[in-house]
Amino acid sequence: MPKINVYDAQTNLTQLIERALAGEDVIVARDGRALVRLVPVDGGLRPVGLHVAALSDAEADEAMRPLGESERALWEGDITPPEER
């Protein structure tokens, strides 16, 4: 996979984007050291959620429980525990 120096990448960005869209690995380098890779963005919307696998009923119940007073205070930016207020 060839490396393109930063100056050439600046002057040929449109062509490099087309090459990346065609599936070619496009690496931009400075002083021979790879800095970034141009890759196409996947089409469509990203899936919602953070879990790769489905949650069990117990895990879902725990994730959906209301925050306690201490957790809510931390979430809202108050780092003083409620018992010390």
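Just above, that's the structure.
Rules used in this analysis
Residues numbered from 1 in each chain as written. Predicted model: local features only at pLDDT ≥ 70, side-chain atom pairs only at ≥ 80, totals over all residues. Heavy atoms only, no water. Pairing = 2+ DSSP bridges. Helix = DSSP H or I, 4+ residues; strand = E, 2+ residues; numbered from the N terminus. Axes fitted to C-alpha atoms, helices over the stretch in contact; angles between N-to-C directions. Core = buried A, V, L, I, M, F, W, Y, C linked by side-chain atoms within 4.5 Å. Buried < 20%, exposed > 50% of the residue type's maximum accessible area, 1.4 Å probe, protein only. Contact = heavy atoms within 4.5 Å.

I would appreciate a short explanation of the sheet that holds strand β2 (residues 26-30) in the present structure.
To summarise the sheet geometry, strands pair through backbone hydrogen bonds and adopt either a parallel or an antiparallel arrangement. Spatially, three strands are ordered β1-β2-β3 in an open sheet, and the strand pairing comes out mixed. Both edges of this open sheet fall to β1 (3-5) and β3 (33-38), since each of them pairs with a single strand only. Adjacent strand axes in the sheet meet at a mean angle of 40°, parallel and antiparallel pairs treated alike. Judged from the three bridges that link them, β1 and β2 form a sheet pairing that is parallel. Residue pairing in the sheet places I4 in a bridge with V28 of β2.

What is the right way to look at the pairing of β3 in this model?
Here is the key point about a regular strand: its side chains alternate between the two faces of the sheet. Sheet analysis places β2 next to β3, joined by five bridges and oriented antiparallel. Looking at the pairing, V28 lines up with V36 of β3. Connecting β2 to the antiparallel partner β3 that follows it, the hairpin turn spans two residues, and D31 within it adopts a positive phi of roughly 55°.

So what exactly am I meant to see when it comes to the nonpolar core here?
In summary, soluble globular proteins display a tendency toward joint burial of nonpolar side chains. I4, A9, L16, A20, V26 and V28 together form the largest nonpolar core, which totals six residues. Elements with a minimum of two residues in this core: α2 (13-21) and β2. Beyond its immediate sequence surroundings of up to four residues, V28 is in contact with I4, N5, V6, A9, R33, A34, L35 and V36.

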